[in-house]
Structure formats: structure tokens, C-alpha cells
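# What the coordinates show
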Amino acid sequence: MERILIFDDDDAIRRTLELHLQEKRFEVLSADTIAKGRELWNARDPDVVVLDLKLPDGEGTTLLDEMMRAGSEAIVIMVTG
């Protein structure tokens, strides 16, 4: 089963994505801040990351750079409002 980590501070968008992906039998983790998501990413090593560009505690591109430097093989999908 693929593990998907969603970073989005918009509750409605995040919850809609969670529900849709869970219906498709994906394991879904989600966070509304970079700090929370970073903890999940380090602990659970997702296969796919849905990453919002703007989050309350920083830019999604900063986290993308961290993931690349760490050698993550996760597929990253960048989203924005």
C-alpha cells in the first residue's frame, strides 16, 4: 500500500483529499504545518507527498529542498490555492 502525506493548511481541501485517497485504499497522513508534516515524513517515509506552496510556518519549497537533500525518493506533487 502506498503511503501519501498531505501538507495543506486548508482543512476542507486536506480532508477532501484524505477521504478520496482513503477510499482508494491508500494510507493517508496529513498535516497543516511544515513542522507537523516534517515529523510524519521522518517517522513514516511516505511514497507520495502532496505539498502546498504556502503553509503557516513556511514555504513548501523549503521542505521540498530538505527532502531532496535527504535523498527522499517520494513523488512530490506541489499544489497552491
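Residues numbered from 1 in each chain as written. Predicted model: local features only at pLDDT ≥ 70, side-chain atom pairs only at ≥ 80, totals over all residues. Heavy atoms only, no water.

Okay, helix H1 (residues 11-23) next. With 13 residues, H1 should cover 18 Å at 1.5 Å per step; its first-to-last C-alpha distance of 18 Å lies within 8% of that length. What H1 keeps buried is the set Arg14, Glu18 and Leu21. One side of H1 carries all its buried residues, which in axial view fall inside an arc of 80 degrees. Turned more than 90 degrees off the buried face of H1, the exposed positions are Thr16 and Glu23. The secondary structure elements touched by the buried residues of H1 are strand S1 (3-7) and strand S2 (27-31). The backbone nitrogen of alanine 12 lies 3.0 Å from a side-chain oxygen of the residue at the head of H1, namely aspartate 10. Taken from the residues just after H1, arginine 25 is the one with a positive phi, measuring 75 degrees. (Helix = DSSP H or I, 4+ residues; strand = E, 2+ residues; numbered from the N terminus. Expected span 1.5 Å × (residues − 1). Buried < 20%, exposed > 50% of the residue type's maximum accessible area, 1.4 Å probe, protein only. Arc of directions from axis to C-beta. Contact = heavy atoms within 4.5 Å. Polar contact = N/O pair within 3.5 Å; in protein donor to acceptor, adjacent residues only side chain to side chain.)

This next bit is on the packing of helix H2 (residues 34-44) against helix H3 (residues 60-69). Two elements in contact, H2 and H3, have axes whose closest approach is 11 Å; the angle formed by their N-to-C orientations is 20 degrees. Considering their axes alone, H2 and H3 lie roughly parallel with respect to each other. Here H2 runs over H3; the crossing is right-handed. Side by side, H2 and H3 meet where Ile34, Arg38 and Trp41 of the first sit next to Gly60, Leu63, Glu66 and Met67 of the second. By residue class, the composition of the contact of H2 with H3 is four nonpolar, one polar and two charged. (Axes fitted to C-alpha atoms, helices over the stretch in contact; angles between N-to-C directions. Parallel < 35°, antiparallel > 145°, perpendicular 65-115°, else oblique. Left-handed = near helix turned anticlockwise from the far one by under 90°. Nonpolar A, V, L, I, M, F, W, Y, C, P; charged D, E, K, R; others polar.)

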